[in-house]
Every structure is written in structure tokens, then in C-alpha cells.
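# A look at the structure
Single-letter residue listing:
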2 protein chains.
Amino acid sequence: MLSKAKIKYILSLQKKKVRIKEQAFVVEGEKIAAEVLNQNYFKVHSIYATEIWINNNKTIANQYKTKLTTILPKELKKISTLKSPKEILLIIKTPNNTPLVKNIQNSFNLVLENIQDPGNLGTIIRIADWFGIPNIFCSEGCVDVYNSKVIQASMGSFLRVKIQYVPIEKLFLRNPSMTIYGAVLGGQNVNKTDLKDTGFLLIGNEGKGLSKNIQKHINHPITIPKTGSAESLNAAVATGILCAFFKL
Amino acid sequence: MLSKAKIKYILSLQKKKVRIKEQAFVVEGEKIAAEVLNQNYFKVHSIYATEIWINNNKTIANQYKTKLTTILPKELKKISTLKSPKEILLIIKTPNNTPLVKNIQNSFNLVLENIQDPGNLGTIIRIADWFGIPNIFCSEGCVDVYNSKVIQASMGSFLRVKIQYVPIEKLFLRNPSMTIYGAVLGGQNVNKTDLKDTGFLLIGNEGKGLSKNIQKHINHPITIPKTGSAESLNAAVATGILCAFFKL
């Protein structure tokens, strides 16, 4: 049975400032739950699950029994942000320390400037995870990674890809020898470019692209040539295409 | 001023069966409106716009004045499905005749089996438009192209790409000499495959992939190799990556 106060608390975690204050965020659904409950880096604060989930996951439910509240489907509906709630909702603690980003110099890193659509950020995290890209650097203007829609769109990939919010100009200045690839109009055809497997790949905002201040740091502008008529590609799709050319 | 009945009617167009009965669908936002009002294939039934839009678009507003109703921002909010309504909403007539799909044999065509997420379908239409892919064939199990979320995600590309709902097995049987590329696990690395610029590229459902019945028609299975850990890629991202390798 869920109290009104508890429902209110869980729903309040949809707000970034509450997430920061409480150092917690929400994850939903059986698939992502299975991944979260199978790792140790992100600590589980509490679990709200239906009888169905508990019956299907007896071992793990027993292992987490002190943190588990059994709820009715109609109660899940009250705390869920999904159209079709999926048997389980978890509250996860935000890691205390920003995850360490190692080997910047020796790896291929994504850098996002002001990606604002939560679905896009989540999908980009999933792309990074697919291609084994270890680090994503987000400008402060990007949507919060612990936003529920980001977490859901990432499909559990937020557990594996290290995401840091940084002033991206400083990041470039601290790593002056690294190649900075930037997705711009009028760059080199990505399929006809010599792509290194280390460096930064810089992706801009959905509507505005990369800001002028950031563009001037690019030493290798690249482009997905348009052979048709659309004005632009979705930011996550463009990121996926570029990563594929780097990684395949 | 919008009557209650009019508001109810516009909102009812969110339902597929009403769209079919009324042969009409909704388009929102200044950018897509500009594209719609600049072409002739899709006929405009009515326009609901704020003073702001009308002042910014005097010539076109005058041209369409018999179809135009000036509404207040708070009225737009009542009929819009967007979180932040964007000054204009149009009701468009569904074309009477299914658009003619020409040159199947001589072109590269997308075939979608049971793509159910409207954002994915819209994004795929935008990808097709970017790469100049003229035709998309959808199985009957795909989400309706005139769903508002599909239209909005397509960003106006639905105006240029020809989309047909067909029994896709029949389509293949009618075109026996064409190459059928299929996105599957364990196919050939798309970056190491000889890709022709004609044929069908077959993409499956978000969660289930391609059905067995459809898979047996594939004569060229292709894959985006995973170099990391995510279980899968988003369907629209995968489509974008595959199309890029075919087209660039």
C-alpha cells in the first residue's frame, strides 16, 4: 500500500532540482530493472513492484526484500511516467562521485553541446554503448541524464557509458593534442575521411547545431552528405551514422 | 473563437478511425506549416493560427484566408498535442488516391515490418528524405503515418517520401528479381558488403525484429556489428546507419 506522501515523493523525482537534493532518480520496467539489479555501481534505494514481477523474479526479489514494496497495478500507474507501466519502478541513488573517465587520450569520446531532447540523449547513450564508446561529455546545457525519459530511452546503457557534465571548451583546452571531429554542414564527407580511433566527436543542438564558440575548436569538420531533400537529420540518428563510420 | 464542438472534432483526429472516416489529419508548428502551405499534393482543409503566426506570414495568411481561423494561444493549447504549441495547427486532407510508387525496380526502397513507435516511423521518413529514398513500404502492422507523432517527427518529410501500406510478402513475390537486404543479427557486416543502389532494405519491429515469415525472403542479410555492450540499437538509428552505408 502506497501512502499519498510516498506517491508525491516519487513523482517529485521527475524534477531535476528534487533529484539533485535527494541524490536519487527513477528507473522503470522489467528489462532495465534486471540490468540495474545485476550491477553494483548504482545503488538501489527502493523497489516498487507488482505481484507479477515478484513471482517472475523470486530470487532477486528475495535478495532485495528489505527494499521492496509490493504494490497493485493501479498504484504503479499513479507513480509511473510510462503510458503502459511495466510491473516495476526503482528509485536509484545518484553515484556520490562523478564516475571517473579514464583514458580520454586513448579513446574515442562523444561530446554533446546542448542536446535538449531527453529521447535523443538516451538514444545517444545507447549508441555509445553499442559501439563501445566509453565516455560522453555533455555541456551544461544538455538535458539531465537522470531525467526519466533519458534513462528509459537509454535502455540500461546509462549503467555502462560514463557521462560527465563539463564546460566543453575547458575539456578541449586541457587536451590540446587530441583530434576534435565536429558534425557540421559543409565538412568532409564522413565516408571519405580518414577517421582515427581516438579523439572527440562533437555533436550540436537539435535545432541550432554547434555554437560558433565551440565550432572554432574543431580541427576536423565532418558531414553526412545529403542526397535528398530533408532539412536535417535527427541528432541521435546523425550521431549513430557518424559513430558507425568511426567504429565499423 | 473556437466552439466546443470544433475543439472536440480536432482532438478526435488523434484517433486513426476518425482520421480514416474524415480523410483528414493534423499538422502542427510553423516549420512544417510553411512546407505544407508551399506544396499542392496534400490539400489544406483548415488552418488555426495565432495573431503572431498571421503577422509573421501575412502573404500566405491572406492567400488562405477563407480557410483560416484566428485563435488565441490558450485556444491553441486546447487543440494541440504538443507540450509547447507552436502558433499554428492545420487540418490536412488525406490524399484520395494512394500516391503512386514509381520505379520500384530502379530504386532503393525501404520496407518496414511492424514499426510501432510513431517517433521511429517519423524519424525513418526523415532519414529516407535526407538520403533521397523515394518509397517506404509499411506492413499493415506499422503505426499509421497520419498519427500526429509520426507527422511531427517526420518534420515535413512525409510530404516528399511516398509511403504505402502493403502486404509485404506480396510485394516481394511481385518483384522476384530484386535484391532483398534484411537487417538481422548475424548477417554480413554492412561496411564489408557490396551494396547495390537498387533493391529493398527490410527493417523489423523495435522489440522483435523481423518475423520468420518475412526473414525467409531475405537474400542478403546485413548487420551493424556491435563493438560494445548494448542489447540493441534504436530502430530508426539502425535504419539511418544502414541507409548511410547504401547511399554514401
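## So, the pairing of strand S9 (residues 199–203) of chain B
All names here are of chain B. Most of S9 is tucked away: five of the five residues are buried. One ladder, built from five bridges, connects strand S5 (residues 108–112) with S9; its direction is parallel. Each residue of the ladder has a partner; that of Val-111, found in S9, is Leu-202. Strand direction decides the pairing type here: strand S8 (residues 180–189) and S9, joined by three bridges, are parallel. Within S9, the position partnered with Ile-180 by the bridge is Phe-200.

## Some words on the relation of the copies chain A and chain B
For the pair chain A and chain B, the best superposition has an RMSD of 0.0 Å and corresponds to a rotation of 180° with a translation of 0.0 Å parallel to the axis. The superposition of one copy onto the other is thereby described by a two-fold rotation axis. The share of interface residues of chain A whose copies in chain B are also at the interface is 100%, consistent with both copies meeting through the same surface.

## Quick look at the packing of aromatic side chains
Any pair of aromatic rings gets described here by the distance separating the centres and the angle formed by the planes. Counting across every chain of the model gives 19 aromatic pairs over all chains. Relative to Phe42(B), the ring of Phe25(B) has its centre 6.1 Å away and its plane inclined at 85°; by these criteria the two rings are edge-to-face. Of this pair, Phe25(B) sits in strand S1 (residues 24–28) while Phe42(B) is found in the loop between helix H3 (30–36) and strand S2 (44–49), placing the two residues 17 residues apart along the sequence. Its relative accessible area of 6% is what places Phe42(B) among the buried residues. Aromatic rings pair up to connect Phe25(A), Tyr41(A), Phe42(A), Tyr146(A) and Phe158(A) into one cluster.

## A short note on the packing of helix H11 (residues 235–247) of chain A against helix H11 (residues 235–247) of chain B
Contact geometry of H11(A) with H11(B) gives a least axis separation of 8 Å together with a crossing angle of 50°. The orientation of H11(A) with respect to H11(B), classified from their angle, is oblique. Here H11(A) and H11(B) pass one another in a crossing that is right-handed. Here Ala236(A), Val237(A), Gly240(A), Ile241(A), Ala244(A) and Phe245(A) of H11(A) come into contact with H11(B), specifically with Ala236(B), Val237(B), Gly240(B), Ile241(B), Ala244(B) and Phe245(B).

## Topic: the domain arrangement of chain A
Residues and elements named next belong to chain A. Domain assignment breaks chain A into domain 1 (4–93) and domain 2 (108–247). Taking the mean C-alpha position of each, domain 1 and domain 2 sit 30 Å from one another. The interface of domain 1 with domain 2 comprises 14 residues on the first partner and eleven residues on the second. Between domain 1 and domain 2, the buried area comes to about 1200 Å², and carbon and sulfur atoms account for 59% of it. Broken down residue by residue, the surface that domain 1 buries against domain 2 is led by Ile-32, Glu-35 and Phe-42, which jointly contribute 39%. Where domain 1 touches domain 2, the interface holds two salt bridges. Across the salt bridge formed by Asp-144 and Arg-19, the nearest N and O atoms sit 2.8 Å from each other. Listed by contribution, the elements that provide at least two residues to the side of domain 1 that touches domain 2 are helix H2 (16–22), strand S1 (24–28) and helix H3 (30–36).

Criteria and cut-off values
Residues numbered from 1 in each chain as written. Chains lettered and ligands numbered in written order. Predicted model: local features only at pLDDT ≥ 70, side-chain atom pairs only at ≥ 80, totals over all residues. Heavy atoms only, no water. Buried < 20%, exposed > 50% of the residue type's maximum accessible area, 1.4 Å probe, protein only. Helix = DSSP H or I, 4+ residues; strand = E, 2+ residues; numbered from the N terminus. Pairing = 2+ DSSP bridges. Least-squares fit on C-alpha atoms with pLDDT ≥ 70 in both. Contact = heavy atoms within 4.5 Å. Phe/Tyr/Trp six-rings, centres within 6.5 Å; stacked < 30°, edge-to-face > 60°. Axes fitted to C-alpha atoms, helices over the stretch in contact; angles between N-to-C directions. Parallel < 35°, antiparallel > 145°, perpendicular 65-115°, else oblique. Left-handed = near helix turned anticlockwise from the far one by under 90°. Domains from an automatic or database assignment. Buried area = accessible area lost by both parts, 1.4 Å probe. Salt bridge = Lys/Arg side-chain N within 4 Å of Asp/Glu carboxyl O.

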